[in-house]
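Residues per chain, in single letters:
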Amino acid sequence: MAEADTTVFSAMKRVEEREAQDAAALSALLDEAGAPFVVRGLVADWPLVQAGKESARAARAYLLDHARPAPFTVTIGEPGRDGRLFYNDDFGMNFRTARGKLPDIFRGFDDNEGRADAPAIYLTSVDMVSFFDGLVEANPSPVLDRQPHQRIWIGTDTRVAAHNDFPRNLACCAVGRRRFTIFPPEQFRNLYLGPLENTPAGRPVSMVDLHAPDLDAYPRFAEALEHAQVVELEPGDAIYIPSLWWHHVEGLEPFNILVNYWWRDTPAYLGQPQDALNHAILTLRDLPAEEKAIWRELFDHYVFTAGPEVTDHIPEAAQGILARLTPETASQLRTYLLRTLNQ
């Protein structure tokens, strides 16, 4: 991987470190946390971590012992690049995807080990329950009480541009080392985000190369750097990233494994806010300014404030979707939206 300008990171504030001796202590930290924090050694006793300390090949062998004979999707970057999985010059992607059995994919790691012109290889967001047998039981989740989605990321020394996620996230460095650079949610204007619908991995990303930020092209990024936090994780360490905090992630060793846990505080039947944003772009953004101003007030009334004045004058039985949503009313609303979108 190309060397970063280390002064960019050395000037940043470090992510706060906290202690959690057990799952109950961690849960208490998560309940009160409004900002990212790191717990050193949280999953140091995982067999996967121990295998990785032996060698990268031992870690791969450990995963193969648990892998199901199913095709895995793998991302393959261009040979000899710096590991940055990003856009190319015409806003296509500088990588391709392929599918194969895990033994064959891991043979690619073996064959490229130590090569200066090796391509980036990355298996992203693999569902641990669906693709492995016994892996989650042998390497137990530290946040199982939150009923998280459990994902594993396996790759070379890749780096992924700053992006955010709607769910809350606990990311555990299992093998290799990871550097996380974190930005608060409100810094989105200073990150120079790329397209919404054409993205490297489903979320809009910062267009700024954190290893060599061009402040002439992206002058507001200097303000984002003033608010950035950074941490390097060793095997067994974990970082908590609250909902919608931006994070740039990079593997620092030739072989790296991350296990992460996503969960949300609201029921899944409430849907994804990004869908609402996309629909608002479709229906509202290009309206005349005076009409948009009216809709802004309506959104504030019904969505962002949603005070008692919305429903106090309506009998409870007749409030429908204006009342707090239930699985039933959410399903009715989703059905209505699908019908109207398909007209």
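Quantities reported herein were computed from a predicted structural model and do not represent experimental measurements.

Things to note about the sheet that holds strand β8 (residues 149–155)
Sheets are built from strands that pair by backbone hydrogen bonding, the pairs being arranged parallel or antiparallel.
Then step 1. Taken together, the nine strands give an open sheet; going across it, the order is β2-β3-β13-β10-β15-β8-β7-β4-β6, and neighbouring strands pair in mixed fashion. In this open sheet, the two edge strands, each paired with only one partner strand, are β2 (17–18) and β6 (95–100).
Then step 2. Sitting on the sheet, helix α2 (residues 23–32) is in contact with β2, β3 (37–39), β10 (168–175), β13 (238–241) and β15 (256–263), with an inclination near 175 degrees to β3.
Then step 3. Docked against the sheet, helix α5 (residues 102–112) engages β4 (72–77), β6, β7 (121–127) and β8, running at close to 150 degrees with respect to β7.

A short note on a nonpolar patch on the surface
Then step 1. A cluster of nonpolar residues, Ile294, Trp295, Leu298, Phe299, Tyr302, Val303, Phe304 and Leu322, forms a patch on the protein surface that exposes about 790 Å² of accessible area.
Then step 2. Examined against the element boundaries, leucine 298 turns out to sit in helix α10 (residues 289–305).

Focus: helix α3 (residues 47–54)
Quick reminder: α-helices carry 3.6 residues per turn. Residues three or four places apart thus point the same way.
Then step 1. Looking at α3, one finds that the buried residues are Leu48, Val49, Ala51 and Gly52. Along the axis of α3, the buried positions cluster into a sector of 160 degrees, meaning they face one direction only. α3 presents Lys53 and Glu54 as exposed residues on the side facing more than 90 degrees away from its buried surface.
Then step 2. Packing partners of the buried residues in α3 comprise α4 (56–66), β8, β10 and β15.

Points about the sheet that holds strand β12 (residues 229–233)
Then step 1. Sheet architecture is open: six strands sit in the order β1-β12-β11-β14-β9-β5, paired in mixed fashion. A single partner strand is all that each edge strand has here, and the edge strands are β1 (13–14) and β5 (84–85).
Then step 2. Alignment of β5 against strand β9 (residues 159–163), held across two bridges, turns out to be parallel. Pairing of arginine 84 across the sheet is with arginine 159, part of β9.

Some remarks on the pairing of β12
Successive side chains on a regular strand alternate, one facing one side of the sheet and the next facing the other.
Then step 1. In terms of residue burial, β12 counts as a mostly covered element, since four of its five residues are buried.
Then step 2. Two elements, β1 and β12, share two bridges in a ladder whose sense is parallel. Bridge assignment links arginine 14 to a residue of β12, and that residue is valine 230.
Then step 3. Judged from the five bridges that link them, strand β11 (residues 178–183) and β12 form a sheet pairing that is antiparallel. Counterpart to phenylalanine 180 in the pairing with β12 is valine 231.

What counts, and at which threshold
- Residues numbered from 1 in each chain as written.
- Predicted model: local features only at pLDDT ≥ 70, side-chain atom pairs only at ≥ 80, totals over all residues.
- Heavy atoms only, no water.
- Pairing = 2+ DSSP bridges.
- Helix = DSSP H or I, 4+ residues; strand = E, 2+ residues; numbered from the N terminus.
- Contact = heavy atoms within 4.5 Å.
- Axes fitted to C-alpha atoms, helices over the stretch in contact; angles between N-to-C directions.
- Patch = residues over 30% accessible without salt bridge, like charges linked within 9 Å, V, L, I, M, F, W, Y side chains within 5 Å.
- Areas by Shrake-Rupley, 256 points an atom, 1.4 Å probe, with all protein chains shown as cover.
- Salt bridge = Lys/Arg side-chain N within 4 Å of Asp/Glu carboxyl O.
- Buried < 20%, exposed > 50% of the residue type's maximum accessible area, 1.4 Å probe, protein only.
- Arc of directions from axis to C-beta.

Limitation: the analysis is restricted to geometry and does not speak to function.
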